[in-house]
Structure formats: structure tokens, C-alpha cells
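As a plain string of letters, each chain reads:
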Amino acid sequence: VAPGRFPETLRRVRAKLAVAEQLGAPVVLACSHVGADSVDDVDLLAEQLHALGAAAAERGLVVAFEALAWGRHVNRVGQAWEAVRRADHPAVTVAVDTFHMLARGDGGAALAGVPGDRIGFLQVADGPLLDMDVLEWSRHHRCFPGQGTLDVAGVVGATLATPPCSDTPDTT
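Residues numbered from 1 in each chain as written. Predicted model: local features only at pLDDT ≥ 70, side-chain atom pairs only at ≥ 80, totals over all residues. Heavy atoms only, no water.

S.K.: Any chance you could break down the overall build of the chain for me, citing the residues and the numbers?
M.R.: When its secondary structure is counted, the chain shows 6 helices and 4 strands. Across the chain, helices and strands are ordered from the amino to the carboxyl terminus as α-β-α-β-α-β-α-β-α-α. Taken over C-alpha atoms, the radius of gyration comes to 16 Å for the chain, in line with the 16 Å a tight globule of 172 residues would show. C-alpha extents for the chain along the principal axes are approximately 40 × 35 × 35 Å. Burial statistics for the chain: of 172 residues in total, 42% are counted as buried. Long-range pairs, those at least 24 residues apart, make up 76% of the contacts in the chain between residues at least 6 apart in sequence. Approximately 9,000 Å² of the chain is accessible, and the part contributed by carbon and sulfur atoms is 56%. Considering the chain, the positive charge centre built from 14 side chains and the negative charge centre built from 21 side chains are found 6 Å apart. (Helix = DSSP H or I, 4+ residues; strand = E, 2+ residues; numbered from the N terminus. Rg over C-alpha atoms; globule rule 2.2 N^0.38 Å. Buried < 20%, exposed > 50% of the residue type's maximum accessible area, 1.4 Å probe, protein only. Contact = heavy atoms within 4.5 Å. Areas by Shrake-Rupley, 256 points an atom, 1.4 Å probe, with all protein chains shown as cover. Lys, Arg positive; Asp, Glu negative; His and termini not counted. Charge placed at Lys NZ, Arg CZ, Asp CG, Glu CD.)

S.K.: Describe in detail the packing of helix 1 (residues 6–23) against helix 2 (residues 42–58), supporting the description with residues and values.
M.R.: As a packed pair, helix 1 and helix 2 sit with axes 10 Å apart at the nearest point and diverge in direction by 30°. The angle between helix 1 and helix 2 falls in the class roughly parallel. The hand of the helix 1/helix 2 crossing is right-handed. Contacts between helix 1 and helix 2 involve F6, L10, V13, R14 and L17 on the former and, on the latter, Q48, A51, L52, A55, A56 and E58. (Axes fitted to C-alpha atoms, helices over the stretch in contact; angles between N-to-C directions. Parallel < 35°, antiparallel > 145°, perpendicular 65-115°, else oblique. Left-handed = near helix turned anticlockwise from the far one by under 90°.)

S.K.: Requested: an account of helix 3 (residues 77–87), with residues and values cited.
M.R.: Because an α-helix packs 3.6 residues into every turn, residues spaced three or four apart end up facing the same way. Three or more residues of helix 3 are buried, namely V77, A80, W81, A83, V84 and A87. Viewed end-on, helix 3 has its buried residues packed into an arc of 160°, placing them on one side of the element. Those residues of helix 3 that are buried are in contact with helix 2, strand 2 (62–66), strand 3 (92–97) and helix 4 (98–103). D88 sits one or two positions beyond helix 3 and adopts a positive phi of about 50°. (Arc of directions from axis to C-beta.)

S.K.: Any details on the pairing of strand 3? Residues and values, ideally.
M.R.: Here is the key point about a regular strand: its side chains alternate between the two faces of the sheet. For strand 3, the tally of buried residues reaches 6 of 6 residues, placing the bulk of the element in the interior. The pairing of strand 2 with strand 3 spans 3 bridges and is parallel. Looking at strand 3, one finds that F65 is bridged to V94. In the classification by handedness, the crossover that spans strand 2, the intervening helix 3 and the parallel strand 3 is right-handed. Relative to strand 4 (residues 119–123), strand 3 runs parallel, the two being bridged by 4 bridges. Directly across from V94, in strand 4, lies its bridge partner I119. (Pairing = 2+ DSSP bridges. Right-handed = clockwise from strand over helix to strand, strands pointing away.)

By themselves these figures say nothing about function.
Right, here's the structure in full:
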């Protein structure tokens, strides 16, 4: 979000983190921005994710950042991972959603280089292969794994096969 709007966003997120803590939910999903007023700046995004991670860590929680297939500037898992990597906070992870990945044409190979301990959430959904607006496709045509035609098993397999630890040096 624009820097001037972030304090209000952080206030709202802190309130949601309090609810998550009360419910015993250890991971809170944060989705990429879809609004016309979103800012296309990965460094700003990383800074804001770091702040969200710090707020989550205060409560012993984790934030999983998800690239919505219809996200304005972040709509692929690789973009989400880059923001999470730059955020450089242990309480900020990437969310893997099979539908969002496959709707954008990414398969399991898109997770190459993402350490397994940096994947904080896996959502498994299938769908028929359709050529339509991804938001409409997601809202009206998702189905249980195996009921559609997407390579859900490939993405789940790649997620489960990610190296378990991020203790390797960063080569980027």
C-alpha cells in the first residue's frame, strides 16, 4: 500500500493477529494487493511485509504471503517469494496455492529455489482448464483436488520436495 496508508493497514492487521492468536491459528494469510491504488515497488512491499512479520512474531504467529492470480503487481508465486526473501523476517513466509499458481501457468518448477521452511501455507484446489478471467475462474470453477484438470499433484509434490532448510547462502 502507499506509505501513507500503511499505518492504518498495520493497525487492522494487528487486530486480525489478535483474533488469530485467540483462536489458536498459528498462520495468517496475507494476499497480494488487487486495488488500482496498489504500489508497484518490491522494496516497499518487503519493508511492509517485514513490519507485518514483526507484529505477527510479537504474538508467536507467522504471516504467509500469497500471490493472488489476479493481484495487481504480484500475481505469481515467484514474485511473492522474492518479496518474502527481501522482507528477511522469520515470521514472513510464502503461501503456495495450487489454483493461483496453475491459473497463471506456473507449475511445480516455479518453487525451485524456495526453501521448504519458508513455505508457510499450502492450499490445494483444482479446477477445469478454462480460458477466462482468473478471478471469475477462481470464484466459480474451483473444485476439490482430482475433480479438475489442473496439475495439482505436480505442485503439491514440488512443495513437499522443497529443501527443508534455508541455511544455504543467498546467491542472488
